[in-house]
Amino acid sequence: MSASKRPSPSLSLLLAASAALVGNRSARADEAAPPLQSVGYRFHVYDEDAFPDRPVIGSPQRYHVDSQQLALSARAGERETLTLNAVHEVMSGSSPWYLVPGPDRRPIQVLSGATIRDHRNAIDVALTHDAGGNDTTTLDVSYSQERDYHAAAIGAQRSVPLSSALTLGFGGSLSHDRLRPTDAILYGRIERAEKNTWSTFGSLSLVLSKYAVVESGLQLTLQSGYLSDPYKLVTVADQQIADTRPDRRGEAAWLVRYRLAATARASLHADARLAANSWGQHSVTLELGWYQELADGWRLIPGVRYYAQDRARFYAPFFDHADGRYFSSDYRLGAFGALSASLDLRKRFGHWELSAGAERYHAATRYALGGADLADPATVSYSRLFAGLDYHFD
Amino acid sequence: MRPESRARRLWLVLAAALLGGCAATPVAPWERGRLARWDMGWDPDPLQAAMDRHSHFSKEGTSGEIGAAGGGCGCN
Amino acid sequence: MSTRLRCAAILLWVAATALAVEPGTPAPDFALRPFDATSPVRLSDYRGKVVLVDFWASWCAPCRQSLPLYEQLRAGFAAEDFAILAVNLDEDAADARAFLAQHPVKYITLQNPQGDIARAFGLKGMPSSYLIDRDGVVRERHVGFEPADIDTLKREIAALIAQGRHAS
């Protein structure tokens, strides 16, 4: 802890404004802790692989997203911490439109001719109250805005120690999303639509030993409203119709997280998740990370992730007959799996921390849960690069 | 193997590993130095974790995390 | 570890917590080596003085917050019959030395990497402090630390120092 560091005037102003917002509880003059805890900036470049075959219509270039994140964590009272997280993203590229059966019944991708250029702005404000002894309550408000999509969400979560080794966590959130698809009349898309997402979770974490801790949790999510993709079409009996999905979706996810202080300077992270939803999809996710501390403030974090899902009941690359109510050829509802590897390198210089890293996400139908008969050509692999700078006041 | 049975088997293995034996050996308050380390947190870098989740969420058919879910986006 | 052994360990732990040092009971004596000297320091050497025994570790965030404030406390009572004995519980003494080099304190810092003294006091949380009167009896116990606690401590210390003066 250092009492000498003072935030810059503009940060002080921002902090004063946010403190006024939450009603600062008589911050004591003799309080030695600085009000600002950390400030962080990140830049991410996300780039999807181009289509291997020249598509029927449109450019083979897929999504490219440049994201910037700015985060600020500040003490907003004797027991409160305020966290602000702002995101600005610029998206460009073309996205899969629909599939048609080829001469050998292999699906052929049709892309929307237009190259999308859009941006997203999102802000998330969280206030955490620490009642002492690891008993914390967090309230969260967020807003995300795109030209054609607005989402407002609120959430609350609590963490309560049940004994010296066992901690209970629970909470919930509600998101209200509004869609205003572009060129709706021109393409016969829905003009405006809404959807709501309710989510709740419960978890228990247990200290296993001086070196290991495990957490298990269950998350339940219920969505209702317009859950289809307004920009996607699907081939049904040689005709293209709008992507049509049920207006409700329930999802359950069970997670287990394990942390092991493997050596005095390294730790192992192992996360597992099983998920299932009412659209008939199941998935398995396994993630491993190794946090290695090196000399002179350097840190190296390699990680691997395995993800596999099966297909939704109403998914097919194309449909020969119009039986059934729901049709979708969105590859995200199809069967596929993905292997990804990441590497993160960090260096600490006093209060500053510089980080840089990369992720390679390789998706393929052959990794699908339970296998798949037809490969969806839209299944996408991507690469991601990121760099960041953080300042810690403690 | 059918996906359901594979998922069920994994579930059983994880549950057995978690509940195996009696409770864990108690760890005294002063013995938690290793557990208090930055890299022993569930999400040591929440900014990075948020972006990782966002890119996986936008590409995959299922999602879920321990914690309150954030708001939606046009990406999925 | 077998289930029987594990459950025995739990029983031992329960027994140990039952033996926690409560206000009104004599403080267990100890002899520990300071960071900056070789000869051990005994708690009983401070009989006749009001002593604040503070258990801390460099990895504990509220402890890090408390050290500079305890240093102010020491300076404030420098002329009185008062001493602070800070018992460090870092497993690796190097971590504590690095922290003390960055945030030096003038009160006595003792090493107890095995944690046996913490066990003898029956610590319930980190940090924990025990305010001991001139007769070696624990009068106050504080678990956890926040900056506002310093004011409470100042009052308690002043009261105990005054009490001793009346008695003598």
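Residues numbered from 1 in each chain as written. Chains lettered and ligands numbered in written order. Predicted model: local features only at pLDDT ≥ 70, side-chain atom pairs only at ≥ 80, totals over all residues.

**Comments concerning the overall build of chain C**
The number of helices and strands found in chain C is 5 helices and 7 strands. Along its sequence from the N terminus, chain C presents helices and strands in the succession α-β-β-β-α-β-α-β-α-β-β-α. Counting all 168 residues of chain C, 30% fall into the buried class. The long-range fraction of contacts in chain C, counting pairs at least 24 apart against all pairs at least 6 apart in sequence, stands at 71%. (Helix = DSSP H or I, 4+ residues; strand = E, 2+ residues; numbered from the N terminus. Buried ≥ 20, exposed ≤ 12 C-beta atoms within 10 Å, placed from the backbone. Contact = placed C-beta atoms within 7 Å.)

**Some words on the overall build of chain B**
Per the secondary structure count, chain B includes 2 helices and 0 strands. Burial status across chain B gives 43% buried among its 76 residues.

**Considering the nonpolar core**
If you look at the biggest cluster of nonpolar residues, it comprises 37 residues, and the most contacted ones within it are Val51(C), Val53(C), Ala57(C), Leu85(C) and Val87(C). Elements supplying a minimum of two residues to this core: β3 (50–56), α2 (61–76), β4 (82–88), α4 (116–121), β6 (128–132) and α5 (149–167) of chain C. In terms of residue count, the dominant contributor to this core is β3(C) (6 residues). In this structure, Tyr307(A), Tyr331(A), Val380(A) and Ala69(B) belong to the second largest nonpolar core, which totals 28 residues. (Core = buried A, V, L, I, M, F, W, Y, C linked by C-beta atoms within 7 Å.)

**Some words on the pairing of strand β17 (residues 298–309) of chain A**
Residues and elements named next belong to chain A. The pairing of strand β16 (residues 282–293) with β17 spans 9 bridges and is antiparallel. For glutamate 287, the partnering residue across the bridge sits in β17 and is arginine 305. Taking the residues between adjacent antiparallel strands as the criterion, β16 and β17 are bridged by 4 residues, where aspartate 296 takes a positive phi near 55°. Pairing of β17 with strand β18 (residues 336–349) involves 12 bridges; the strand directions are antiparallel. Note that in β18 the partner of glutamine 309 across the bridge is phenylalanine 336. (Pairing = 2+ DSSP bridges.)

**Regarding the sheet that holds strand β7 (residues 138–143) of chain C**
All names here are of chain C. Pairing in this open sheet of 7 strands is mixed, and the strands run β2-β1-β5-β4-β3-β6-β7 from one edge to the other. Each end of this open sheet is capped by a strand with a single partner; those strands are β2 (41–42) and β7. Of the strand pairs in this sheet, β6 and β7 are connected by 5 bridges, and their pairing is antiparallel. Bridged to tyrosine 130 within β7 is arginine 141.

**Considerations on the environment of Ser73(A)**
Topologically, Ser73(A) is positioned in strand β2 (residues 64–75). The contacts of Ser73(A), once residues within four sequence positions are left out, are Gln37(A), Ser38(A), Thr81(A) and Thr83(A).

**Considerations on the confidence of the model for chain C**
All names here are of chain C. On average, residues of chain C score 88 in pLDDT, and 86% of them are at 70 or above. Here helix α1 (residues 3–18) is the element of chain C with the lowest mean pLDDT, 53, and β3 is the one with the highest, 97. As scored by the predictor, the complex reaches a pTM of 0.85 and an ipTM of 0.86. (pLDDT = per-residue confidence, 0-100.)

**Focus: unusual backbone geometry**
Backbone torsion omega between Met126(C) and Pro127(C) reads -10°, so that peptide bond is classified as cis. The phi dihedral of Asp238(A) is positive, around 65°, even though this residue is not glycine. Checked against the element boundaries, Asp238(A) lands in the loop between β12 (233–236) and β13 (239–242). Since 10 C-beta atoms lie within 10 Å of it, Asp238(A) is described here as exposed.

**Re α2(C)**
A rise of 1.5 Å per residue sets the reference length of α2(C), with its 16 residues, at 22 Å; its end C-alpha atoms lie 24 Å apart and thus fit the reference within 8%. Of all the bends in α2(C), the largest measures some 30° and sits at Leu67(C), one to four residues before the proline Pro68(C). (Expected span 1.5 Å × (residues − 1). Bend = angle between axes of the 7 residues up to and from the residue.)

**A closer look at the pairing of strand β3 (residues 80–93) of chain A**
Residues and elements named next belong to chain A. Across 12 bridges, the pairing between β2 and β3 is antiparallel. In the sheet register, valine 65 faces β3, and the bridge partner there is methionine 91. Linking β2 to β3, which pair antiparallel, is a turn of 4 residues; within it glycine 77 sits at a positive phi near 155°. Inspection of the sheet shows β3 paired to strand β6 (residues 116–130) by 14 bridges, in the antiparallel sense. When the sheet's bridge partners are listed, alanine 86 is paired in β6 with isoleucine 123.

**Looking at the environment of Ala79(C)**
Tracing the sequence through the fold places Ala79(C) in the loop between α2 and β4. C-beta crowding within 10 Å serves as the criterion here: with 7 such atoms nearby, Ala79(C) is assigned to the exposed category.

**Some words on the environment of Phe318(A)**
On the secondary structure map, Phe318(A) appears in the loop between β17 and β18. When residues no more than four places from it in sequence are discounted, the contact partners of Phe318(A) are Leu99(A), Val100(A), Pro101(A), Pro107(A), Thr235(A) and Ser329(A).

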